[in-house]
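So the chains spell out like this:
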Amino acid sequence: MLPDTFSIQHTFINISSPSHTSHLIVGAGLAGCLLAWRLQQAGQRFLLLGSTAMPAAYKVAAGVINPVTGRWMTKTWNFDQLLPEAQATYHSLEQQFGIQVYHRIPEIRFCQNADDIKRLGRRLRNPRYQNVLNRYFAPGQAAPDFNDPHGSFGIEQAAYVDLPKLVTCLRTAFAQQGLFRDETFHHSALQQKADGWQYQDLHATKVIFCEGAAAIHNPWFPNIALQPAKGETLLCNSPTLQLPRKLYHHKKWLLPYPDGSFRIGATYDETDLSDTPTQTRKEELLAATHEALKESHTIQITAHLAGVRPSTLDSRPVIGVHPSQAGLYLINGLGSKGASTAPAMTQQLAHHLRTGTPIPPEVDIARFSLKPTL
Ligand SMILES: Cc1cc2nc3c(=O)[nH]c(=O)nc-3n(C[C@H](O)[C@H](O)[C@H](O)COP(=O)(O)OP(=O)(O)OC[C@H]3O[C@@H](n4cnc5c(N)ncnc54)[C@H](O)[C@@H]3O)c2cc1C
């Protein structure tokens, strides 16, 4: 087998004949593509295998990076560490591929009741929130197109990442180098050998699963505490609604794009885990939007998308090593925050794969007790 330190020119593999590689990456979504890119940057050999036809969360995600989230307006887990890594990663990718995927955008969040205003007051006095919260705006001050009887507040450092553009760009580049196979992976065909793992004509020292919500079917990691949650989102146009470019977070959020279109999102459902858009959720999104806006507007839907977020019970990512099967790894649990977490998590895993650097306990798979495996 070729050493890992071979340069990128030497990592081209002929995918039509039995191949040896160091890393077989399963799942070519956000996590899989970023991990492959990191390994390539480090001169490591890999083959990325994933199906472009299968459902994927990145295809429907708005890619929003939101520093303050949830009903309790809490600062996103590890935000101050994750954001610099995310910005550096997307900047590097933009430079390398001549694309723009990272867009900073001011965010306005509307208080829903008097308790929200009190909560905001506490947050504004909390030094931890100083770099992400702006100030309270009285009703009518910040966003005149919206109903805001309880006022609103500004959130700093929000952004959105064009995840479909990024993933497609990386996959295309890997395909051109013979490093991407567009196909469905079948777990039953993976066999352990004395010196690694065999999958059809491929031999790999390490197999890394980056399957998103489909990991619930992975027999090698039966208990990673995934709690997948379906989400639906609408891409829209309106002949009458022209909003200043901000991310507006009412009961649902509305994200205007430079071409005048906008996205409304997202619903949350832990029971229906299909990727089928539903009439009920469409109506829920439209109703919330009409309720949030002061005037009545005609909204034309250009796309209605649904996908499943790979969330975990403790809402933190999972990266790790299989406890008993040498050479099996996983990265998952990016939940509804893949745009901010994937850069740092793939960096952690890539370091671990190369140097054995310990995985931080708070994201280590070891925090969940694994059931007996195959
Ligand atoms: C409605 C919605 C809105 C969202 N909004 C945001 C947002 O605003 N901000 C944000 O940061 N995140 C958001 N997310 C979450 C974000 O999309 C995920 O965190 C991220 O995509 C997870 O990356 P992943 O690579 O783990 O999974 P995915 O992006 O789902 O990629 C997994 C890939 O593996 C492939 N795969 C799985 N099994 C196999 C197999 N057996 N064979 C071949 N291929 C396989 C899948 O087809 C897929 O391509 C949203 C998600 C949804 C559903």
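As a convention, each chain's residues are numbered from 1 in the sequence order in which they are written. Local features in this predicted model are restricted to residues of pLDDT 70 or higher, and side-chain atom pairs are both shown and tallied only at a pLDDT of 80 or more, whereas totals for entire chains, interfaces and linings draw on every residue. Excluded from the side-chain calculations are hydrogens and water; all other atoms, namely the structure's heavy atoms, are used.

Concerning the sheet that holds strand β3 (residues 64-65)
Criterion used throughout: strands pair if DSSP finds at least two bridges between them. Working definition: helices are DSSP H or I runs of at least four residues, strands are E runs of at least two. Numbering for both runs from the N terminus. Here we have three strands laid out as an open sheet, ordered β3-β10-β6, and antiparallel in their pairing. In this open sheet, the two strands that pair with only one neighbour each are β3 and β6 (102-104). When β3 meets strand β10 (residues 159-161), the two strands line up antiparallel, connected through two bridges. Following the sheet pairing, Val64 is matched in β10 by Tyr160.

Thoughts on the site of the ligand
Taken together, 35 residues lie around the ligand, and Ala31, Ala57, Phe185, Gly335 and Ala339 are the ones closest in. Counting of polar contacts relies on pairs of N or O atoms within 3.5 Å, with two restrictions inside protein: one atom must be capable of donating a hydrogen and the other of accepting it, and residues adjacent in sequence are counted only when both atoms are side-chain atoms. In the model, an oxygen atom of the ligand is placed 2.9 Å from a nitrogen or oxygen of the Pro55 main chain. Here the ligand, which alone exposes 990 Å², has 97% of that area covered by the protein. Ten residues, namely Ala, Val, Leu, Ile, Met, Phe, Trp, Tyr, Cys and Pro, are considered nonpolar, four, namely Asp, Glu, Lys and Arg, are considered charged, and the remaining ones, Gly among them, are considered polar. Partitioning the shell around the ligand into residue classes produces 19 nonpolar, 12 polar and four charged. Proximity criterion: a residue is near a molecule or strand once any of its heavy atoms comes within 4 Å of it. Reported accessibility uses the Shrake-Rupley method at a 1.4 Å probe radius. Residues are deemed covered only where the shown protein chains occlude them.

Section: the side chain of His352
Mapped onto the elements, His352 comes out in helix α6 (residues 338-355). Once you skip the residues sitting within four places of it in the chain, His352 turns out to touch Val321, Tyr329, Thr357, Pro358 and Ile359. By the convention used here, residues are in contact when the closest approach between their heavy atoms is within 4.5 Å.

Focus on the packing of helix α2 (residues 79-97) against α6
Angles shown run from 0 to 180 degrees and are taken between the N-to-C directions of axes, each axis being a line fitted to C-alpha atoms and, for helices, limited to the stretch in contact. Orientation of α2 relative to α6, taken along the N-to-C sense of each, is 85°, at an axis distance of 8 Å. Our classification of the angle between α2 and α6 gives roughly perpendicular. Contact residues: Leu82, Glu85, Ala86, Thr89 and Tyr90 in α2; Gly338, Ala339, Ser340, Thr341, Pro343, Ala344, Met345 and Gln347 in α6. Here the residues of the contact of α2 with α6 sort into seven nonpolar, five polar and one charged. Roughly parallel here means an angle under 35 degrees, roughly antiparallel means over 145, roughly perpendicular means 65 to 115, and every remaining angle is called oblique.

Thoughts on the side chain of His249
Within the element layout of this structure, His249 appears in strand β16 (residues 247-249). Residue His249 is classed as buried on the basis of its relative accessible area of 15%. The contacts of His249, once residues within four sequence positions are left out, are Asn66, Glu107, Ile108, Arg109 and Phe110. Exposure classes here rest on a 1.4 Å probe applied to the protein chains alone. A residue is buried below 20% of its type maximum, exposed above 50%, and partly exposed in between.

Description of the UniProt feature "domain: FAD dependent oxidoreductase" (unreviewed entry) in the chain
UniProt positions are given in the numbering used here, feature names are shortened, and annotations may be inferred rather than shown by experiment. Residues annotated by UniProt as "domain: FAD dependent oxidoreductase" (unreviewed entry) correspond here to residues 24-350. Secondary structure content for residues 24-350 is 26% helix and 28% strand, and the end C-alpha separation is 13 Å.

Focus on the environment of Gln44
Along the polypeptide, Gln44 turns up in the loop between α1 (30-41) and β2 (46-50). The buried category is assigned to Gln44, whose relative accessible area is 7%. In the structure, Gln44 is positioned 11 residues away from Cys33 in sequence and 14 Å away in space, judged by C-alpha atoms.

Focus: unusual backbone geometry
Even without being a glycine, Ala225 presents a positive backbone phi close to 55°. Structurally, the position occupied by Ala225 is in the loop between β14 (202-209) and β15 (229-237). Positive phi outside glycine occurs at Ser315, with the angle close to 60°. The residue Ser315 is located in the loop between β19 (300-309) and β20 (318-321) in this model.

Notes on the sheet that holds β19
Pairing is mixed across the open sheet formed by eight strands, whose spatial order is β8-β9-β7-β16-β17-β18-β15-β19. Each end of this open sheet is capped by a strand with a single partner; those strands are β8 (133-137) and β19. The mean angle between the axes of side-by-side strands here comes to 20°, regardless of whether they run parallel or antiparallel. Looking at chain direction, β8 and strand β9 (residues 152-155) are connected through three bridges and run antiparallel. By the bridge assignment for β9, Leu133 is matched with Ile155. Relative to β8, helix α3 (residues 114-125) is tilted by about 140°, and along the sheet it contacts β7 (107-110), β8 and β9. The strands that helix α5 (residues 279-292) touches are β15, β17 (253-256), β18 (262-265) and β19; relative to β15, the one it contacts most, it runs at about 55°.

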